[in-house]
Amino acid sequence: MTVLKVNGRPVEISDRGDRTLADALRNDLGLIGTRVSCAEGECGSCTILVDGQPSTSCLMLAQQAEGKEITTIEGLADGDNLHPIQQAFVEEQGFQCGFCTPGLIISAKAFLAENPNPTADEVAVGMSGNICRCGAYPYIVKAVLRGAEKIRAVALAAE
Amino acid sequence: MLAEHGPDAMIWAGGTDMTLHWQREKVSPTVCVDIRDVSQLDFIEVGNDAIRIGAMTALATLERAAGRHHILKMLSDITKLMCTPQTRTLATVGGNMCNASPAADLSPAFVALDATAVIFGRNGTREVTAYDFFVGVNRTAVAQDEILQEVTIPLPSDGEIHGSYRRIDRTVVDIALVNGSAAVTVGIDGVISKVGLGLGAVAPIILNAPDASAALEGTSLADVTRDKLAEVAAIAARHAKPITDVRASAGYRQDMVEVMLRRALEDAITNHGGKLR
Ligand SMILES: Cc1cc2nc3c(=O)[nH]c(=O)nc-3n(C[C@H](O)[C@H](O)[C@H](O)COP(=O)(O)OP(=O)(O)OC[C@H]3O[C@@H](n4cnc5c(N)ncnc54)[C@H](O)[C@@H]3O)c2cc1C
């Protein structure tokens with residue numbers, strides 16, 4: 001067994017060397033919020049955080065995640081309280097069918113950590129690694145901007 | 001390990017090309033040597049005479065190095081065209097070189113900048129120029145039991161170097177239909193002492209064009225005209241041997257590589273403060 005640290009908790013996956021991390025997250029750990037669509041790194045729906053960096057889990061081997069902090073969409077909410085970016089996606093209807101949404105929210109988290117106060121154009125470039133087949137892009141951009149506002153408000157309140 | 005296991009063993013760096021080759025059964029290694037966490041190969045060093053970039057430097061790391069040197073700014077701008085934010089954290093500079101796609105984005109810049117590939121093997125390190133590094137589609141000068149250690153970009157001691165990279169692409173994630181890069185060194189006397197050119201996606205390897213470079217070398221920066229650069233780009237474009245594929249026709253590539261090189265040369269001259277007439 002290989003021990004991974006996923007969403008703050010140690011978990012075990014099999015030792016097979018020939019599997020992608022996305023596969024292990026979904027099949028061994030049941031974390032099906034990580035979606036696999038293209039399986040070629042293009043669509044971004046399998047995006048997770050590896051030590052805080054956004055990464056396509058379909059292009060990583062499961063064993064390569066050993067010793068790293070993995071965050072999936074399941075790790076964002078605090079109990080029943082949605083993460084501010086999740087809340088913003090709900091409020092701005094930043095999705096239609098919802099398939100790509102987990103990847104978008106994870107990308108948004110990494111993007112806003114680097115650029116907490118972006119313009120709409122910067123959001124569009126920052127989120128360019130995630131494809132939404134429904135074409136909800138204008139709403140997604142609004143959701144990310146709203147998420148940024150919420151995170152800034154939380155940070156201000158904490159000061 | 002590579003030597004011990006022979007041709008069935010392959011290097012796994014960021015895996016962004018490897019995963020696809022492996023899924024499509026273009027490669028079927030029995031042993032993968034995962035060099036991802038080899039931190040000694042993950043560095044960017046700016047010296048007086050050279051910039052050294054470790055093979056395991058992620059594209060995302062190179063992207064963030066823009067403020068450290070104007071040549072790193074040029075390379076950073078290239079990485080922004082590559083892959084997606086969440087694959088740039090995985091994809092490495094060495095992997096981009098070693099995958100040796102004729103359309104790879106960093107390779108023409110490394111050829112234009114006259115970079116050196118430092119290759120590590122059982123008998124120590126050896127160096128080959130970026131131009132000689134590429135041998136064919138997905139084929140490089142790195143032998144089965146060797147790895148690429150770093151890429152070194154020489155900096156002039158008696159002048160300044162500026163460069164530029166231009167490409168035509170269809171969408172953000174897509175690879176270049178055709179691309180071109182230029183690097184121009186101007187001596188303290190204001191005379192162009194060295195011109196490097198790199199032509200991508202117009203042959204199985206990245207091309208250079210010594211005759212075109214020579215046509216510009218020796219010219220005073222103040223005397224460079226748009227017409228002169230167009231002439232140099234036209235000479236360089238004669239080296240192209242493009243093919244037609246799903247992305248573009250050979251004719252389109254032939255015409256556009258000249259345009260890319262002309263623009264890259266114009267950028268490089270402008271970056272030197274040259275006024276183009
Ligand atoms: C969605 C997507 C978009 C992409 N877009 C672009 C693009 O716009 N432009 C572009 O140029 N490329 C693009 N690529 C291709 C790819 O991401 C790059 O070529 C990347 O830099 C490869 O690096 P890697 O570390 O992932 O290499 P890997 O996949 O790990 O390795 C690639 C090859 O190089 C060998 N190798 C790797 N490192 C070494 C080393 N140090 N020594 C010896 N051999 C080594 C491996 O054995 C393998 O054969 C894209 C890929 C994807 C999936």
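Quick caveat, the model's predicted, so the values are computed rather than measured.

This paragraph deals with the sheet that holds strand 2 (residues 9–13) of chain A. Residue and element names in this part refer to chain A. Here five strands make up an open sheet; going across it, the order is 2-1-5-3-4 and the pairing mixed. Every interior strand has two partners, whereas the edge strands, strand 2 and strand 4 (53–56), have only one. Each neighbouring strand pair of the sheet contributes to a mean axis angle of 40°, computed without reference to strand direction. Alignment of strand 1 (residues 2–6) against strand 5 (residues 69–71), held across two bridges, turns out to be parallel. Note on strand 5: the bridge partner recorded for lysine 5 is glutamate 69. Contacts from helix 3 (residues 101–114) reach strand 3 (47–50), strand 4 and strand 5 within the one sheet, and its direction differs from that of strand 3 by about 35°.

This part is about the site of the ligand. Around the ligand, a shell composed of 32 residues is seen, among which Gly14, Thr16, Asp17, Thr92 and Asp105 of chain B lie nearest. Surrounding the ligand are residues belonging to chains A and B, so the site spans chains. Contact distances for the ligand include 2.6 Å between an oxygen atom and a backbone N or O atom of glycine 14 of chain B. Cysteine 83 of chain B places a main-chain nitrogen or oxygen 3.2 Å from a nitrogen atom of the ligand.

This part takes up the domain arrangement of chain A. Residue and element names in this part refer to chain A. Here chain A is described as being made up of domain 1 (2–75) and domain 2 (84–158). Here domain 1 and domain 2 have C-alpha centroids that lie 21 Å from each other. The interface of domain 1 with domain 2 comprises 16 residues on the first partner and 14 residues on the second. Contact with domain 2 buries area across many residues of domain 1, yet Arg35, Leu49 and Ile73 alone supply 43% of it, more than any other trio. The interface formed by domain 1 and domain 2 holds zero salt bridges in total. Where domain 1 meets domain 2, there are five residue pairs in polar contact (both at pLDDT 80 or more). Ranked by the residues each element gives to the side of domain 1 that touches domain 2, the list is headed by strand 3, at three residues. Here the residues of the side of domain 1 that touches domain 2 are counted per class, giving six nonpolar, eight polar and two charged.

Turning our eyes to something else, we now look at the packing of helix 2 (residues 84–91) of chain A against helix 5 (residues 137–158) of chain A. Residue and element names in this part refer to chain A. Packing of helix 2 against helix 5 brings their axes to within 8 Å, and their N-to-C directions diverge by 140°. Relative to helix 5, the element helix 2 is oriented oblique. Taken as a pair, helix 2 and helix 5 cross one another with a handedness that is right-handed. Contacts from Pro84, Ile85, Gln87, Ala88, Phe89 and Glu91 in helix 2 reach Ile140, Ala143, Val144, Arg146, Gly147, Lys150 and Ile151 in helix 5. Partitioned by chemical class, the residues of the contact of helix 2 with helix 5 number eight nonpolar, two polar and three charged.

Reading the values: the criteria
- Residues numbered from 1 in each chain as written.
- Chains lettered and ligands numbered in written order.
- Predicted model: local features only at pLDDT ≥ 70, side-chain atom pairs only at ≥ 80, totals over all residues.
- Heavy atoms only, no water.
- Pairing = 2+ DSSP bridges.
- Helix = DSSP H or I, 4+ residues; strand = E, 2+ residues; numbered from the N terminus.
- Axes fitted to C-alpha atoms, helices over the stretch in contact; angles between N-to-C directions.
- Contact = heavy atoms within 4.5 Å.
- Near = heavy atom within 4 Å.
- Polar contact = N/O pair within 3.5 Å; in protein donor to acceptor, adjacent residues only side chain to side chain.
- Domains from an automatic or database assignment.
- Buried area = accessible area lost by both parts, 1.4 Å probe.
- Salt bridge = Lys/Arg side-chain N within 4 Å of Asp/Glu carboxyl O.
- Nonpolar A, V, L, I, M, F, W, Y, C, P; charged D, E, K, R; others polar.
- Parallel < 35°, antiparallel > 145°, perpendicular 65-115°, else oblique.
- Left-handed = near helix turned anticlockwise from the far one by under 90°.

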